[in-house]
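This is what each chain is made of:
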Amino acid sequence: MTLPDSSDASQTLGVSHVTAYRYEAPVELAHHLCYLRPLHDAWQQVDDYTLAITPAPADYAESLDVFGNRRATFALYAPHEALTVRATSQVTVRPRFDGLDPAATAPWEAAAERLRYDAGADYAPEGEFVFPSPYVPLHGELRDYALVSFTPGRPIALAAIDLMHRIHHDFTYDPAHTQVSTPILDAFRQRAGVCQDFAHVMIGCLRAIGLPARYISGYLMSQPPPGRPRLIGADASHAWVSVHCPGLAANGGWLDLDPTNDLVPGVSHVVLAQGRDYGDVTPLRGVIRGGGHELRVQVTVAPLAEFPTEPAPPLFPEADA
């Protein structure tokens, strides 16, 4: 069984996430939505956060979405040839899953049964994550794949961890193989993709058998602790899965699982936002009136003592000049 990556004490990490666009023609009007402020909860404390936007927006607002994520919206009304968004955070992360006992969770069939529609049943918030979503439709192929792990009477956390093992073993991490728009079944049948695909496939498997699963957007620490291997997905936005496990005391019953790296996330993972799939928590998106663009992204996550004190150089130096 994969042990949680949480054997260390809590640690404070610095996070820098820079997104830069250079446009083929001046953009006259732009409206953007971003999820770049890390989640603040009992296991993750956001000590500091700044968002720098160049050129400065004409309008800016922050709000909470329906899933409890902090989001920002901003608009630019003057013509501009480039856009740079720099999110810098200081986050203290505590182990969420120390003492995890997967065998103590409920049988998976009981967890699925309690969320089946019943006109007289009490509302269960986790039930919102059982249904299909735009990036994760329900498919029989995913159900069949999941049931190899979810044998009769098996505790839900044990079965989910086994499913994570299998996806990690069966799939190849290949950044050139898929795009954001790649359908989930294409990634599943080709057994290749990136962390987003690994997460969507695992969520699709869990929902296909009636279990609630949500998509977690976040980061991995860029430099691993001494003696540990470098994690796939470092220096970029990362994604993993959370499945609701009745009987799990920590984290409100939600167990995080990282199928890309085959581990239970701990203090090397920073949670950015959570939703039904990638579409709910895209780090930065928008609508512009203008031409095509070139995109560059740079992510750095490191212990605070090792975090760069100077801001990263411009991704498009000529555009910032």
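Residues numbered from 1 in each chain as written. Predicted model: local features only at pLDDT ≥ 70, side-chain atom pairs only at ≥ 80, totals over all residues. Heavy atoms only, no water.

Engineer: Is there a simple way to explain helix α2 (residues 140-147) in this structure?
Structural biologist: Since the α-helix advances by 3.6 residues per turn, residues separated by three or four positions end up pointing in the same direction. Looking only at α2, the buried set comprises Leu142, Tyr145 and Ala146. The arc that holds the buried residues of α2, viewed along the axis, is 100°, so those residues lie on one side. (Buried < 20%, exposed > 50% of the residue type's maximum accessible area, 1.4 Å probe, protein only. Helix = DSSP H or I, 4+ residues; strand = E, 2+ residues; numbered from the N terminus. Arc of directions from axis to C-beta.)

Engineer: What is the right way to look at the packing of α2 against helix α5 (residues 195-208) in this model?
Structural biologist: When two helices pack together, their arrangement is given by the angle between the helix axes and the distance between those axes. At a closest axis distance of 8 Å, the pairing of α2 and α5 adopts a crossing angle of 85°. Between α2 and α5, the angle falls in the class roughly perpendicular. Residue-level inspection shows Leu142, Arg143, Tyr145 and Ala146 of α2 in contact with α5, the latter providing Val201, Gly204, Cys205 and Ala208. Residue composition of the contact of α2 with α5, grouped by class: six nonpolar, one polar and one charged. (Axes fitted to C-alpha atoms, helices over the stretch in contact; angles between N-to-C directions. Parallel < 35°, antiparallel > 145°, perpendicular 65-115°, else oblique. Contact = heavy atoms within 4.5 Å. Nonpolar A, V, L, I, M, F, W, Y, C, P; charged D, E, K, R; others polar.)

Engineer: For this particular structure, what's the right way to read the pairing of strand β5 (residues 70-76)?
Structural biologist: On any regular strand, side chains alternate: one points to one face of the sheet, the next to the other face. Both strand β2 (residues 29-34) and β5 contribute to a ladder of five bridges, which runs antiparallel. For histidine 31, the partnering residue across the bridge sits in β5 and is alanine 75. Pairing of strand β4 (residues 59-64) with β5, which is carried by six bridges, proceeds in the antiparallel orientation. Residue pairing across strands places serine 63 opposite arginine 71, the latter belonging to β5. Turn length for the β4-β5 hairpin, with the two strands adjacent in sequence and antiparallel, is five residues, and the turn residue glycine 68 shows positive phi of about 90°. (Pairing = 2+ DSSP bridges.)

Remember that the coordinates give geometry; whether it matters functionally is a separate question.
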